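Architecture at a glance
Next come the chains, spelled out residue by residue.
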Amino acid sequence: MTQPFRTAAGGHVDRARAIPFTFDGKSYTGHAGDTLASALLANGVALMGRSFKYHRPRGVLGAGAEEPNALVSVSRGGGRFTPNLRATQVELYEGLVAESQNRWPSLAVDVGEVNNLVPPGVFSAGFYYKTFMAPAGAWKGVYEPFIRKAAGLGVVPREPDPDHYTHRYAFCDVLVVGAGAAGLAAALAASEGGARVIVADENPAMGGGLLDEPDLAIDGQPAAAWAAQAVATLVARTNVTLLTRTQAFGYYAQNFVGLAQRLTDHLAALPAHAPRERMWKLRAGRVVLATGAIEQPLVFPDNDRPGIMLAGAARTYLNRYGVKPGDHAVVFTVDDSGYAAALDLARAGVAIAAVVDVRPEPGEAAALAANAAALRVLSASVITGTSGRLRVSGAEIGKVGPDGTVRPVERIACDCVLMAGGWVPAVHLFSQSRGKLRFDDARGIYLPGEPAQAQLSVGACNGAFGIAAALAEGFAAGGAGAAPAVSGEIAPMGGGFQGAVPHHRDPQKVKAFVDFQNDVTAKDIRLAVREGFRSIEHVKRYTTNGMATDQGKTSNMNGLAIAAGALDKPVPQVGLTTFRAPYTPVTFGSFAGHSRDHLFDPVRKTATHAWAQANGAVFEDVGLWKRAWYFPKPGETMHAAVARECRTVRDTGGVFDASTLGKIEVVGPDAAEFMNRLYTNPWTKLEPGRCRYGLMLNEQGFVIDDGVIGRLAPDRFHVTTTTGGAPRVLAHMEDYLQTEFTDLKVWLTSTTEQWAVIAVQGPNARRVLQPLVDGIDISREAMPHMSLREGRICGVPTRLFRVSFTGELGFEVNVPADHGLAAWEAIWAESQRYGMAAYGTESMHVLRAEKGFIIVGQETDGTVTPNDLGLDWAIGKLKPDFVGKRSLTRPDMLKADRKQLVGLLTADPAAVLEEGAQITAEATPIRGRPALGHVTSSYASPAAGRSIAMALVAGGRARMGETVFIPMPAGPIAAQVCEPIFHDKDGSRLDG
Amino acid sequence: MLLIRCPVCEMDRPELEFRYGGEAHVARPLDPSSVSDQDWAEYLYFRSNPRGVHAERWRHTSGCGRFFNAIRHTVTDRILATYKAGEPKPDLATLTGETGR
């Protein structure tokens, strides 16, 4: 027998199947159906982790989701690594590789354990706040590395996660959360009439507490057999979906519940292409919560040694897995459920050294049973301390006198201590659903009050403790008749004793743990209260009680009771911390689902993408678009490529894909009036066939978009917007059209994707297009700057704009997107007769900056007015109203010291400023004095033969010629304020 | 995720299809030029921000594209009614009475 603590028979594991696994590199064997925790206990391994602050040796406390101590990392190789898993929920599979955490060099010999010996107070409540205060500079060098080293959780995976994760949206009439007695009963009853029912349970097998009750009979059947039959009945019903290994982790508005289903973590061999986890986004007509209750530990000195665990957990290990928690047990209980554990263990051959009961008298049934089993019961008694380093070896017993004082009585040798501190309803999901909790004074527990949604709590989570009560509530909730008869049960009463157990020892010298995972002691909570914290929310944050990955499942109520005691107030008056999703940690992969890598966001490509790729383009992301950034020749740097492209455009010409510009067709009898109201410019007199630069403001008077707008017909405008602004502009237009200007007959259509746009810019632009157009006179006289013609080009229909974003003679050829590549190739071939270049967005930026053309979002930041940009000429001053007009005369908009757009010329012409850099009046910035503004655009300009920049500077237009400074890490850079135009100031090049 | 009834589509649709649009029934003055600076600032920047029942604009962005109004309780997130833009605000007392809570 290699598993010394495995019972000879019993439990639901498959004893025929031996499962080898390793823990911290050492090989063990368990059985199919084991968890890592049950298999380690079976092998006599009590030590499973080290605590967070003090590095104290810790064993398993619970048997399920509540486990605070036994956190492990599971590694499957190939990037599959998951830290901080609860050993109690890790299913054993062949070849499982698990490691303990927070120890060095090993679990048994851990250097960090010295933290346990430092004088009391150093790691006390609020130690983060007290210890790491000053000096400020020490944070980075001293405190942060220390905290990171000391923080005792698992390490972050280093490799990309090779698994994939999936999402499913689902609907049902009734969702049942939890498949214990109450949940199975509710599911059976609810599904009888054909309602669509989904049952979700976190465990691999359904049945919950029914699997831990060997003596209990339901309608004469053993409880586990009844559960198996109930599950079989549900499986046979086509209207029922049963989800095991599925945690309902979050409960949101309108019965929207998030379920995290683990699909492959329990398998030795991973199936190819199967998702690891599935997140269910479930909308339920009704939700039945049957989430059970969580047993609480007792807060006594040294209550954290390996071998000290919850009594209910010990029953689970014994009855579900056939594992004894030890050979000599002391049971410390506050209610009858401790007796149930003692009786089970005694029958399995564990020597029960004593049942230590806080109460003067046990319950009637428990007393009878204890008597029959000849258990040694110590009433009105407590444990006041324990001994043993890597495993508990003894418990100190004290007798509580009538006045509440404790007198030491004896030491009892043992190798496990079972704590039955009372059961607390798992109201987490109920609370998340915004249901209000009520406090049950008699039992000292919070219970669900009035639900906020179509929801019902049944069973232990509703305070109905024990199998009989749970079945009754479950069947009633499902709308069925009487529940089956239950016999042989010792039902827990719930609640019971909470807070710190009294003892005779010096409270300053003992550690009685409340929060095992975050190492918070009763002393810490009392200290927080002494230091002035009154609200439990503040006490929680100051002490970190309940803030670890277990979210206080075994510590919140004890912490609350200790705080209430210290404040001398009833528990409900101290408040209750908020229960937040997720109930147990959910992987990032699960939330991301398929939204990763190339599926993270759609990719938008223009018609010429493949051509650009073939011609060596480097791309940049602009919103979702891939845009050609620059076209380097072999061996050419970005700087050289951009300089060449810019020079070529101005010397002969260039071709540029401008398809990503947003395009909106504004159509209708009131189109011009609509444009008048949405743009600052006047549109009434713009003739069909002409274009105008349009400026769009929000109602606050700030520039939000711009673009060239062509009038095709009296009732039709071709609007262009910035690349990123198209959806926002259309929404803005729709908003006013639908809700304010409802008198206007106008239709808006997004046409961004319909048109490919090819900009041909430079002195030879007209010569390139001349042989390609059909039925359009593009001569200088017939088609002036800022005009628009419809006709054909390269054999396909076009809207041909004569516009320039470079300052050179320029056209923008709009063709239906399907013809974009063919048109581009034809234009490109023609342009090669003149030695023109394809240019990308970087050259486009440089060329426009040389002319001082703004880019909305670069020169503007949502606080910039037309006047700030020197664009007053674009405002139709005679118009009675347009969106933003009234705001332009608010007092703040007229201040002389507003930041205005200016140019900057650095004293050193080779110095290219950093975009976004702050600008100051003094070379050395004066503390407390705000910056004058910031650099908005900056480039090395081939046309200017030096660096150029644009900037927003307070009162900038009155500072022409002044020197300002741009402080940088390497020293301040001096620059002179100038007009924001650096090339062809009189615009003579527009006509070629 | 909320389910929101689009009064145009007459369907309950998930929140993801909608875009929030701020407080409803804040009418743009018909003649902004005659509005004082103070009143214009109130119109631009000041909203009721109640703890409780709130009339607000939503747009069914990924559906019919229409703006409409909703009455939502800002504490419970419960949407008590939705109605088309331009329709009068429903009587809140009746609404809260009808839903019981």
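Residues numbered from 1 in each chain as written. Chains lettered and ligands numbered in written order. Predicted model: local features only at pLDDT ≥ 70, side-chain atom pairs only at ≥ 80, totals over all residues. Heavy atoms only, no water.

Going by what an unreviewed UniProt entry lists, chain B is known as Sarcosine oxidase subunit delta and is assigned to Alsobacter metallidurans.

By the naming in an unreviewed UniProt entry, chain A is Sarcosine oxidase subunit alpha, taken from Alsobacter metallidurans. In its Sequence similarities (unreviewed entry) section, the UniProt record describing chain A reads: "Belongs to the GcvT family." (UniProt positions renumbered as here; feature names shortened; annotations may be inferred.)

**Let's talk about the UniProt feature "domain: SoxA A3" (unreviewed entry) in chain A**
UniProt's entry tags residues 511–593 of chain A with the feature "domain: SoxA A3" (unreviewed entry), counted in the numbering of this structure. Annotated as 46% helix and 6% strand, the span residues 511–593 of chain A places its first and last C-alpha atoms 43 Å apart. (Helix = DSSP H or I, 4+ residues; strand = E, 2+ residues; numbered from the N terminus.)

**Side note on the sheet that holds strand E24 (residues 416–420) of chain A**
Residue and element names in this part refer to chain A. Within the open sheet, the five strands sit side by side as E17-E24-E18-E19-E20. Their pairing is parallel. Looking along the sheet, the strands with just one partner apiece sit at the ends: strand E17 (308–310) and strand E20 (377–378). Two elements, E17 and E24, share three bridges in a ladder whose sense is parallel. Bridge pairing links Ile308 to Val417 in E24. Where helix H7 (residues 337–347) meets the sheet, its contacts fall on strand E18 (328–333), strand E19 (351–357), E20 and E24, and the angle it forms with E19 comes to roughly 175°. (Pairing = 2+ DSSP bridges. Contact = heavy atoms within 4.5 Å. Axes fitted to C-alpha atoms, helices over the stretch in contact; angles between N-to-C directions.)

**A look at the packing of helix H4 (residues 181–191) of chain A against helix H10 (residues 467–477) of chain A**
All names here are of chain A. In contact at an axis separation of 7 Å, H4 and H10 are set at 25° when each is read in the N-to-C sense. In terms of orientation, H4 lies roughly parallel with respect to H10. At the point where H4 passes H10, the crossing takes the right-handed sense. On H10, the residues that touch Ala181, Ala182, Ala185, Ala186, Leu188 and Ala189 of H4 are Ile467, Ala470, Leu471, Gly474 and Phe475. Residue classes in the contact of H4 with H10 are distributed as 10 nonpolar, one polar and no charged. (Parallel < 35°, antiparallel > 145°, perpendicular 65-115°, else oblique. Left-handed = near helix turned anticlockwise from the far one by under 90°. Nonpolar A, V, L, I, M, F, W, Y, C, P; charged D, E, K, R; others polar.)

**A few points about the interface of chain B and chain A**
The interface of chain B with chain A comprises 27 residues on the first partner and 30 residues on the second. Summed over the shared surface of chain B and chain A, the result is four salt bridges. The partner of Arg28 of chain B in a salt bridge is Glu699 of chain A, and the shortest N-O contact between them spans 2.4 Å. The element contributing the most residues to the side of chain B that touches chain A is helix H1 (residues 37–45) of chain B, with six residues. Residues that form the side of chain B that touches chain A fall into these classes: 15 nonpolar, four polar and eight charged. (Salt bridge = Lys/Arg side-chain N within 4 Å of Asp/Glu carboxyl O.)

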